[in-house]
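Descriptive structure summary
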Amino acid sequence: GRTYVNVDLSTVEGIEKASDWELASSGMADVVFSPHLNQIAEKLLDGQHKGRMFVLLIHPCVREFKRFRHRRKMELLHHGKGLITNENSEEGNGDILSMSYTAYSKSHLVEDNWMTRTILDKP
């Protein structure tokens, strides 16, 4: 059978708990998953217990451009009923169908990119 360590590494509190348990040096876990890369490296890993990271990423601009195209497509499917609006853009009160990608990237519609901030260790 399989055994599991019951600790939530998706939270800083869980990482602290794992650190208290000395998770890396205990040999209790072969694999860990966490969005908190810097905290895992700082609290769990050391010179004797190194980690390996496996990551699949898409460039943030490419990902956001895909979101832009998807939102425009959804707006077209809803017959341009103004479901997704651009009230806060520099171009005025147009809908997403009339927005340029540059205007979209500066609008309130663009998604906050937590991954880029995490990699850079920015809040």
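Let me begin by describing the structure that accompanies this report. (Residues numbered from 1 in each chain as written. Predicted model: local features only at pLDDT ≥ 70, side-chain atom pairs only at ≥ 80, totals over all residues. Heavy atoms only, no water.)

From N to C terminus, the chain includes six helices and zero strands. Written out in order from the N terminus, the α and β elements of the chain read α-α-α-α-α-α. Burial status across the chain gives 19% buried among its 123 residues. Considering only residue pairs separated by 6 or more positions, the chain has 46% of its internal contacts joining residues 24 or more positions apart. As presented, the chain carries roughly 9,400 Å² of accessible surface, and 53% of it is formed by carbon and sulfur atoms. (Helix = DSSP H or I, 4+ residues; strand = E, 2+ residues; numbered from the N terminus. Buried < 20%, exposed > 50% of the residue type's maximum accessible area, 1.4 Å probe, protein only. Contact = heavy atoms within 4.5 Å. Areas by Shrake-Rupley, 256 points an atom, 1.4 Å probe, with all protein chains shown as cover.)

Given a rise of 1.5 Å per residue, 18 residues ought to cover 26 Å, and the 26 Å separating the end C-alpha atoms of helix H4 (residues 60-77) matches this to within 8%. Buried within H4 we find Glu64, Phe68, Arg71 and Glu75. Projected onto a plane normal to the axis of H4, the buried residues spread over an arc of 65 degrees and lie on a single side. When the buried face of H4 is taken as reference, the exposed residues oriented beyond 90 degrees from it are Lys73, Leu76 and Leu77. (Expected span 1.5 Å × (residues − 1). Arc of directions from axis to C-beta.)

On their own, these measurements won't tell you what the molecule is for.
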